[in-house]
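Understanding the architecture of this molecule
Take a look at the letters that make up each chain.
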Amino acid sequence: MNVKDLSNEVLIEHLKDSFENDCFAELYNRFMPLYYKCMRTIRIEGFEPDDYLQEARIIWWSVIEKYDKANSPYVATYFARVFENYLSNIRRDRQAIKRGGQVSFTSLQETSEFDDFSDNITYLEYYVKETTSIDEQIILQETVDAFINSLTHLERVALCNRLLEEDNNISHIAEQLHTDRRSVENALARCRIKCKKYFDIK
């Protein structure tokens, strides 16, 4: 099978059934012009070209999972709409954060006291240390660090509030961050996608 001869729609169906590197690479590379167009037309403060390309990979996994030929016959049109909307939401979120100034929030890496550990440890380290294997602890800690570092400012703030605050409903979080409910929902959705990626959640 020569993947270059397959349509976008057929490649999607193959990837829905099982992941194949060559199929994904072919599908991803076909849309390079769109990625570079978005770099010019949807400029996001602090974003480098690699950030756009990485976000495209994340969106592809969502598109592969959700694509329904009956509702969207052409993959190209569907992906372009989802990707452009996604980038526009990130840009709007960052602008909202900039307008709102510094936001006070509980950090995922803030130390806390837990009854079963003598030292103060971070919220996420508590769960890492519950494993018994040192090797597992190291791998988990590296994964946690990579996940946190992958989050944008809004994603981290929204996730912290969602996980750690007593009043963690979406509307309240949006009010605290001086943004709209949809922006918070989108930020948390991106967190879920990244969480699945880093922690291999099916």
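In case you missed it, the structure is sitting above this.
Right, let's walk through the structure included here. (Residues numbered from 1 in each chain as written. Predicted model: local features only at pLDDT ≥ 70, side-chain atom pairs only at ≥ 80, totals over all residues. Heavy atoms only, no water.)

Here's the deal with the overall build of the protein
Assigned secondary structure in the protein consists of 10 helices and 2 strands. Counting from the amino terminus, the protein carries its helices and strands in the arrangement α-α-α-α-α-β-β-α-α-α-α-α. Relative to its full complement of 202 residues, the protein shows a buried share of 39%. Long-range pairs, those at least 24 residues apart, make up 57% of the contacts in the protein with a sequence separation of at least 6. When the accessible surface of the protein is split by element, carbon and sulfur atoms take 47% of a total near 12000 Å². (Helix = DSSP H or I, 4+ residues; strand = E, 2+ residues; numbered from the N terminus. Buried < 20%, exposed > 50% of the residue type's maximum accessible area, 1.4 Å probe, protein only. Contact = heavy atoms within 4.5 Å. Areas by Shrake-Rupley, 256 points an atom, 1.4 Å probe, with all protein chains shown as cover.)

Quick look at the packing of aromatic side chains
Overall, the coordinates contain 14 aromatic pairs when judged by the stated rule. A centroid spacing of 6.1 Å and a plane angle of 20° characterise the contact between Phe 24 and Tyr 28, whose relative ring orientation is stacked. Of the two residues, Phe 24 and Tyr 28 both sit in helix α2 (residues 21-30), 4 residues apart, roughly one turn of that helix. Phe 24 sits in the buried class, given a relative accessible area of 6%. On the basis of an interplanar angle of 5° and a centroid distance of 4.9 Å, the ring pair of Phe 24 and Trp 61 is categorised as stacked. With Phe 24 in helix α2 and Trp 61 in helix α4 (residues 49-66), this residue pair connects regions lying 37 residues apart in the sequence. For Trp 61, a relative accessible area of 39% corresponds to the partly exposed category. Aromatic rings pair up to connect Phe 19, Phe 24, Tyr 28, Phe 31, Tyr 35, Trp 60, Trp 61, Phe 79 and Phe 83 into one cluster. For Arg 57, the ring lying beneath its charged end belongs to Tyr 28, and the centroid distance is 4.3 Å. (Phe/Tyr/Trp six-rings, centres within 6.5 Å; stacked < 30°, edge-to-face > 60°. Lys NZ or Arg CZ within 6 Å of the ring centre and 35° of its normal.)

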